[in-house]
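Tertiary structure, described
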Amino acid sequence: MKHHQYALTPPMGWNSWDCYGATVREDEVKGNADYMATHLKQYGWEYVVVDIQWSESGAVSSAYRPFVPLEMDEYSRLIPAENRFPSAKGGKGFKPLSDYIHNLGLKFGIHIMRGIPRQAVHQNGPILGTNSTARDIAKPNSICPWNTDMYGIDVSKQGAQEYYNSLFKLYAEWEVDFVKVDDIADSKLYGPHIDEIQMIRKAIDQCGRPMVLSLSPGPAPLEQASLLEENANMWRMTDDFWDLWELLYNMFDRCYKWSKNIGPGYWPDADMLPLGHIGIRSVDGGASDRYTRFTKDEQVTMMTLWSIFRSPLMFGGELRDNDEWTLSLLTNEEVLDMHKNSHSARQVYRENDKVVWTAKGENEIYVALFNISNDKQEVSVKLEALGLSNIVKTQVKDLWKQQQVDIMDSCISYELLPHSSMLLKIDL
């Protein structure tokens, strides 16, 4: 499918949500973009994404203020709040910020909610390209249970597709490269909003600009995998992921279930990486301003699972506060090469909270050993389970420790600490 060409490898970038909630400002976006251009771009990191409620001038955290006025143009479309994004003044929208990010050699993304602003419906505003109005196309009983900004759109109404077309026409004028649409892959109340997913696909296809389409939140239903592949580039297979071991533990099962539904241009999404300095102006994840609560072993385990499974990688922390350890997790060239170029990832087995995954490269096999129990234990895998007879004469490398390792003739076996992992590359 044409749109799969927009994300031939899993997207990698930064998203403002984990550290700034609904409140991120232009200077903070630019600062993180500058850091990415200097420290991460060479490793494949490229998207800079402004998350939710950029049209809300008074946002204070990740706790949404209900029924507040939003900034909107004359065609019922939300636009950036000028007090937070000063370059948007004069009707310029996100184009100046997009230009800034593009001039760094990076790509620009935004978050939107599905539907049309309730504010536009109450004012019965016009819709570009049609005689219909906001009230004509709104579905007032289709609401988001956790945010009051929008009504859903009634696909059967004249003007419904035109409204989505007008949105993506505006985003194309802003030169947006990535759009994360929320309250759509699984809406808590209604399941996936398939009609609106399909309208958005049509709107992107007709807007004249390639845009990666990301659907949130999850868990998206596995039985809709084909439809998701047909319409999107990535979709959440989980609700919001935070720095809590229970959530990471549960992700192993989600990755196992989705591991056959991955390919160039379509990526099940394990959600953002809550690493480094997070919660700065956010109350999600159970605690405010902090560094990640994951231990170093848990951080490596998360990065190993996301990378061998080939989830999109979206960093959630304030990049400018990264220490050397956090930066090292994002710049391991061999791990990132596996993430970008491997294929056929699968779980070899899971037993007593011992988990083994493998994936194939061009001339190598990758093996990830995980101990997701609360006790130290030995995790092993026979070579025949990896499709290998023996590896006596080959090189085996621990990719996180960057050192060669020894293994037994017919078995790979290591004692691992609780919540820890090991990622090996076996040259063929």
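Structure: above.
I will try to describe carefully the structure that is included in this document. Note that the structure is a prediction, hence the values are computed from the model and not measured.

1. Description of helix H2 (residues 26-40)
- Along its 15 residues, H2 runs 20 Å from first to last C-alpha, staying within 8% of the 21 Å computed at 1.5 Å per residue.
- Within H2 the residues assigned to the buried category are Glu26, Glu28, Val29, Gly31, Asn32, Ala33, Tyr35, Met36 and Leu40.
- If you follow the buried residues of H2, they end up packed against strand E1 (12-15), helix H1 (17-20), strand E2 (47-50), helix H3 (95-103) and helix H11 (324-330).

2. A few points about the sheet that holds strand E5 (residues 138-144)
- On the basis of which strands lie adjacent, the open sheet formed by 3 strands has the order E4-E6-E5 and antiparallel pairing. Two strands close off the open sheet at either side, each with one partner strand: strand E4 (116-117) and E5.
- Pairing geometry for E5 and strand E6 (residues 147-153), over 4 bridges, is antiparallel. Among the inter-strand pairings, isoleucine 143 is bridged to a residue of E6, identified as tyrosine 151.

3. As for the nonpolar core
- Ranked by internal contacts, the top residues of the largest apolar core, which has 122 residues, are Trp45, Ile110, Phe168, Tyr171, Leu215, Trp306 and Trp357.
- The greatest single-element share of this core, amounting to 8 residues, is contributed by helix H6 (residues 160-173).
- Every residue in contact with tyrosine 171, bar those within four places of it in the chain, is listed here: Ile110, Ile112, Val176, Val179 and Met211.

4. A word on the packing of aromatic side chains
- Tallied over the full model, the rule gives 17 aromatic pairs.
- Between phenylalanine 241 and phenylalanine 294 the ring centres are 6.1 Å apart and the planes differ by 35°, which places this aromatic pair in the tilted class. Residue phenylalanine 241 is found in the loop between strand E9 (234-236) and helix H9 (245-258), and its partner phenylalanine 294 is found in the loop between strand E12 (290-291) and helix H10 (296-309); the two are separated by 53 residues along the sequence. Both residues of the pair, phenylalanine 241 and phenylalanine 294, belong to the buried class.
- Ring geometry for phenylalanine 252 and phenylalanine 370: centres 4.8 Å apart, planes at 80°, overall edge-to-face. Here phenylalanine 252, found in helix H9, pairs with phenylalanine 370, found in strand E16 (residues 364-371); they are 118 residues apart in sequence, far enough to count as distant.
- Judged by relative accessible area, which is 0%, phenylalanine 370 ranks as buried.

5. Topic: the environment of tryptophan 174
- Assignment of secondary structure puts tryptophan 174 in the loop between H6 and strand E7 (178-182).
- Taking the C-alpha atoms as reference points, tryptophan 174 and proline 96, 78 residues apart in sequence, are found 8.0 Å from one another.

6. Comments concerning the pattern of salt bridges
- This structure, assessed with the given rule, holds 25 salt bridges.
- Between aspartate 183 and arginine 114 there is a salt bridge; the shortest N-O distance is 3.0 Å. Taken together, the positions of aspartate 183 in the loop between E7 and helix H7 (194-207) and arginine 114 in the loop between strand E3 (107-113) and E4 put the pair 69 residues apart, joining distant regions of the chain.
- The buried category is assigned to aspartate 183, whose relative accessible area is 3%.
- According to the relative accessible area criterion, arginine 114 is buried, its value standing at 2%.
- Three or more residues joined by partner-sharing salt bridges are found here, namely Arg25, Asp27, Glu28 and Arg281.

7. Regarding the side chain of asparagine 322
- Tracing the chain through its elements places asparagine 322 in the loop between strand E13 (313-315) and H11.
- Within the structure, asparagine 322 has its side chain in polar contact with the side chain of tyrosine 35 (distance 3.4 Å).
- For asparagine 322, the residues in contact, after removing those within four places along its chain, are Tyr35, Phe315 and Leu330.

8. Looking at the packing of H6 against H7
- Orientation of H6 relative to H7, taken along the N-to-C sense of each, is 45°, at an axis distance of 8 Å. Between H6 and H7, the crossing angle belongs to the class labelled oblique. As for how H6 packs across H7, the hand of that crossing is right-handed. Contacts from Ala160, Gln161, Tyr164, Asn165, Phe168, Lys169 and Ala172 in H6 reach Glu196, Met199, Ile200, Lys202, Ala203, Ile204, Gln206 and Cys207 in H7.
- Residues belonging to the contact of H6 with H7 are distributed by class as follows: 9 nonpolar, 3 polar and 3 charged.

9. A word on the pairing of E1
- Residues Met12 and Trp14 line one face of E1 and the alternating positions Gly13 and Asn15 line the opposite face, and both faces are buried.
- Bridging between E1 and E13 involves 3 bridges; their strand directions are parallel. Note on E13: the bridge partner recorded for glycine 13 is methionine 314.
- In the sheet, E1 pairs with E2 via 3 bridges, with the strands oriented parallel.

10. Things to note about the side chain of serine 61
- Counting through the fold element by element, serine 61 comes out in the loop between E2 and H3.
- In this structure serine 61 comes out as buried when scored by relative accessible area, which is 12%.
- There is a polar contact of 2.9 Å between the side chain of serine 61 and the backbone nitrogen of alanine 63.
- Setting aside its immediate chain neighbours within four residues, serine 61 contacts Gly21, Ala22, Thr23, Arg281 and Val283.

11. Here we look at the packing of H10 against helix H12 (residues 333-341)
- Across the interface, H10 lies against H12 with an axial gap of 7 Å and an inter-helix angle of 35°. Together, Trp306, Ser307 and Ile308 of H10 and Val335, Met338 and His339 of H12 make up the contact between the two elements.

12. Thoughts on the environment of leucine 388
- Turning to its location among the elements, leucine 388 is positioned in the loop between strand E17 (377-382) and strand E18 (396-398).
- Relative accessible area serves as the criterion here: at 13%, leucine 388 is assigned to the buried category.
- Along the sequence, leucine 388 and lysine 107 sit 281 residues apart, while their C-alpha atoms lie 41 Å from each other.
- Beyond its immediate sequence surroundings of up to four residues, leucine 388 is in contact with Ile365, Leu383, Ile426 and Leu428.

What counts as what
Residues numbered from 1 in each chain as written. Predicted model: local features only at pLDDT ≥ 70, side-chain atom pairs only at ≥ 80, totals over all residues. Heavy atoms only, no water. Helix = DSSP H or I, 4+ residues; strand = E, 2+ residues; numbered from the N terminus. Expected span 1.5 Å × (residues − 1). Buried < 20%, exposed > 50% of the residue type's maximum accessible area, 1.4 Å probe, protein only. Contact = heavy atoms within 4.5 Å. Pairing = 2+ DSSP bridges. Core = buried A, V, L, I, M, F, W, Y, C linked by side-chain atoms within 4.5 Å. Phe/Tyr/Trp six-rings, centres within 6.5 Å; stacked < 30°, edge-to-face > 60°. Salt bridge = Lys/Arg side-chain N within 4 Å of Asp/Glu carboxyl O. Polar contact = N/O pair within 3.5 Å; in protein donor to acceptor, adjacent residues only side chain to side chain. Axes fitted to C-alpha atoms, helices over the stretch in contact; angles between N-to-C directions. Parallel < 35°, antiparallel > 145°, perpendicular 65-115°, else oblique. Left-handed = near helix turned anticlockwise from the far one by under 90°. Nonpolar A, V, L, I, M, F, W, Y, C, P; charged D, E, K, R; others polar.

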